[in-house]
Amino acid sequence: MANTELLSKIDAAIAEKNLLKHPFYQDWQAGKLSREALQLYAAQYYKHVEAFPKHLKVLAARTDGVLRDLILENLAEEENPAHPHPKLWRDFAAAVGVGEDDITACPALPGTKAVVGKFREICGERSMTEAVAALYAYEAQVPEIASTKIDGLKKFHEEADKGHRAAWRGWLEENASGNEEQILASTREALNALWGALDAVHKKQEVVN
């Protein structure tokens, strides 16, 4: 199996389900979202951001060598004491009016639970290539998504996640192996879960409005 061909198919799947195409982000970029919508988004998506380092730890425990080093490097960026990603997200939440207590007390919507559960399952139970493909599918989109947010989140997320995107892609180019359809299926499951998390927030806001 040619890894360049596999990567092309993964990139095509990401392009098809790119989160910036989602109606929620479309409304955000058009300036149509209410403050309440951003508050709900901040509280819900925080649960995914907070869980992400835990997914990396689960995957790191299952592997060794170059891939484990790559995962631990990514994890160190996520938990960097100077700019831990969950703390940056809490700062973003505070900027739209969501306090520390509110962000932790807010019950997870079904779509939010699903995205956290899906990434945990893929990182904990699927093949290494499937797990890395899912992580790449997520982090391939983060730099551009970060550019739509407040400056502090943009500055640190965008630069760090460009590095993460390149690292995951580089590993896939050199090491991807296994059943191509299965790898693509896991990638699409991850993308659909991310999309579903936004669905949950967007539909909830439509009901409120």
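### Considerations on the packing of aromatic side chains
Evaluation of the coordinates by the stated rule reveals 14 aromatic pairs. Summarising the aromatic geometry, the rings of Phe24 and Tyr25 are spaced 5.9 Å apart at their centres and angled 75° between planes, so their arrangement reads as edge-to-face. Under the relative-accessibility criterion, Phe24 is labelled buried at 0%. A ring pair is formed by Phe24 and Trp28, whose centres lie 6.1 Å apart and whose planes are at 85°; its orientation type is edge-to-face.

### Remarks on helix H5 (residues 85-95)
For H5, the set of buried residues is His85, Pro86, Leu88, Trp89, Phe92 and Ala93. An end-on view of H5 places all buried positions within 160° of arc, on one side of the element.

### Comments concerning the side chain of Thr187
Within the secondary structure, Thr187 is located in helix H11 (residues 180-208). On the basis of relative accessible area, Thr187 is assigned to the buried category, the value being 0%. In this structure Thr187 touches Ile10, Ala133 and Ala137, once residues within four positions along its chain are discounted.

### A look at the pattern of salt bridges
Side chains that carry opposite charge are capable of pairing whenever their charged atoms lie near each other. Applying the stated criterion across every chain, the model contains eleven salt bridges. One salt bridge in this structure joins Lys87 and Asp91, with 2.8 Å as the shortest N-O distance. Of this pair, Lys87 and Asp91 are both found in helix H5, four residues apart, which corresponds to roughly one turn of the helix. Overall, Asp91 belongs to the partly exposed group, its relative accessible area being 34%. Through salt bridges with shared partners, a single ionic network connects Lys118, Glu121, Arg126 and Glu189.

### So, the packing of helix H3 (residues 35-60) against H5
H5 packs onto H3 with a crossing angle of 170° between their chain directions and a minimal axis gap of 9 Å. Viewed along their axes, H3 and H5 adopt a mutual orientation that is roughly antiparallel. Residues Arg35, Tyr41, Ala42, Tyr45, Tyr46, Val49 and Glu50 of H3 lie in contact with H5, whose contacting residues are His85, Pro86, Trp89, Arg90, Phe92, Ala93 and Ala95. For the contact of H3 with H5, a count of residues per class yields ten nonpolar, one polar and three charged.

### As for the packing of H3 against helix H8 (residues 128-139)
For the pair H3 and H8, interaxial distance at closest approach is 13 Å and the crossing angle is 150°. Here H3 lies roughly antiparallel to H8, going by the angle between them. In terms of crossing hand, the pair formed by H3 and H8 is left-handed. Where H3 abuts H8, its residues Tyr45, His48, Phe52, Leu56 and Leu59 lie against Met128, Ala131, Leu135, Tyr138 and Glu139. Here the contact of H3 with H8 is built from residues that sort into eight nonpolar, one polar and one charged.

Calculation criteria
- Residues numbered from 1 in each chain as written.
- Predicted model: local features only at pLDDT ≥ 70, side-chain atom pairs only at ≥ 80, totals over all residues.
- Heavy atoms only, no water.
- Phe/Tyr/Trp six-rings, centres within 6.5 Å; stacked < 30°, edge-to-face > 60°.
- Buried < 20%, exposed > 50% of the residue type's maximum accessible area, 1.4 Å probe, protein only.
- Helix = DSSP H or I, 4+ residues; strand = E, 2+ residues; numbered from the N terminus.
- Arc of directions from axis to C-beta.
- Contact = heavy atoms within 4.5 Å.
- Salt bridge = Lys/Arg side-chain N within 4 Å of Asp/Glu carboxyl O.
- Axes fitted to C-alpha atoms, helices over the stretch in contact; angles between N-to-C directions.
- Parallel < 35°, antiparallel > 145°, perpendicular 65-115°, else oblique.
- Nonpolar A, V, L, I, M, F, W, Y, C, P; charged D, E, K, R; others polar.
- Left-handed = near helix turned anticlockwise from the far one by under 90°.

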